[in-house]
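Architecture and fold: a report
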Amino acid sequence: MKRAIFPGSFDPVTLGHFDIIKRGSELFDEIIVAIGINADKNYMFTIEERVKFIEDAFQNDPKVKVLTYEGLTVDFCKEVDADFILRGLRNPADFEFEKAIAHTNRQLSNMETVFLLTAAGTSFISSSIVRDVIRNKGDYTGLVPDSVRF
């Protein structure tokens, strides 16, 4: 079984994330959406809300699971017996940042990272933009899956 984790904070999950997870589930037997917990970060949504947003968005897809973790992503990969780390790329800046992390992960654990380019229609969406729209009472509904509507 080819299992990949898709790590992130998902605060909140966006249509860009949704697209990468959906397309990744066509490549792998199982995708674990791995929500990292970082005590130093100030999240807009609780961990329970973020888990629910993703579980609800993929409730009809048995290949997608949602778990939380703390610590190094490569250690979590070993814990859940994942073969790959899945990451989405929106732009060249994402690539440079993600490339450094992928090289470090490979050095630490020989873990391979698979990159998928985001769809053109979602390449501008980031969780930080969505949070800003929400904070300023803008219409965020075209940026997130239906499960994030509140």
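Here, every reference points to the structure presented above.
Being a predicted model, the structure only gives us computed values, none of them experimental.

Once that is clear, we can look at the packing of aromatic side chains. Per the stated rule, a full pass over the model turns up six aromatic pairs. Here Phe28 and Phe84 contribute two aromatic rings whose centre-to-centre distance is 5.4 Å and whose plane-to-plane angle is 45 degrees, an arrangement assigned as tilted. In this pair, Phe28 is assigned in the loop between helix H1 (15-27) and strand E2 (30-36) and Phe84 in strand E4 (residues 84-89), connecting sequence segments 56 residues apart. Residue class for Phe84 comes out partly exposed when judged on its relative accessible area of 21%. Measuring from ring centre to ring centre gives 4.7 Å for Tyr69 and Phe76, while their planes differ by 20 degrees; the resulting arrangement is stacked. Both residues of the pair, Tyr69 and Phe76, belong to the buried class. The positively charged end of Arg50 is found above the aromatic ring belonging to Tyr43, 3.9 Å away from the centroid.

A few words on helix H4 (residues 92-109). Helical periodicity: at 3.6 residues per turn, an α-helix aligns residues three or four positions apart in one direction. With 18 residues, H4 should cover 26 Å at 1.5 Å per step; its first-to-last C-alpha distance of 25 Å lies within 8% of that length. Check the buried side of H4 and you find it contacts helix H3 (73-79), E4 and strand E5 (112-117). The N-cap residue of H4 is Asn91: its side-chain oxygen and the backbone nitrogen of Ala93 are 3.1 Å apart. Once H4 finishes, Asn110 follows within two positions and takes phi at roughly 65 degrees, a positive value.

The rules behind each value
- Residues numbered from 1 in each chain as written.
- Predicted model: local features only at pLDDT ≥ 70, side-chain atom pairs only at ≥ 80, totals over all residues.
- Heavy atoms only, no water.
- Phe/Tyr/Trp six-rings, centres within 6.5 Å; stacked < 30°, edge-to-face > 60°.
- Helix = DSSP H or I, 4+ residues; strand = E, 2+ residues; numbered from the N terminus.
- Buried < 20%, exposed > 50% of the residue type's maximum accessible area, 1.4 Å probe, protein only.
- Lys NZ or Arg CZ within 6 Å of the ring centre and 35° of its normal.
- Expected span 1.5 Å × (residues − 1).
- Contact = heavy atoms within 4.5 Å.
- Polar contact = N/O pair within 3.5 Å; in protein donor to acceptor, adjacent residues only side chain to side chain.

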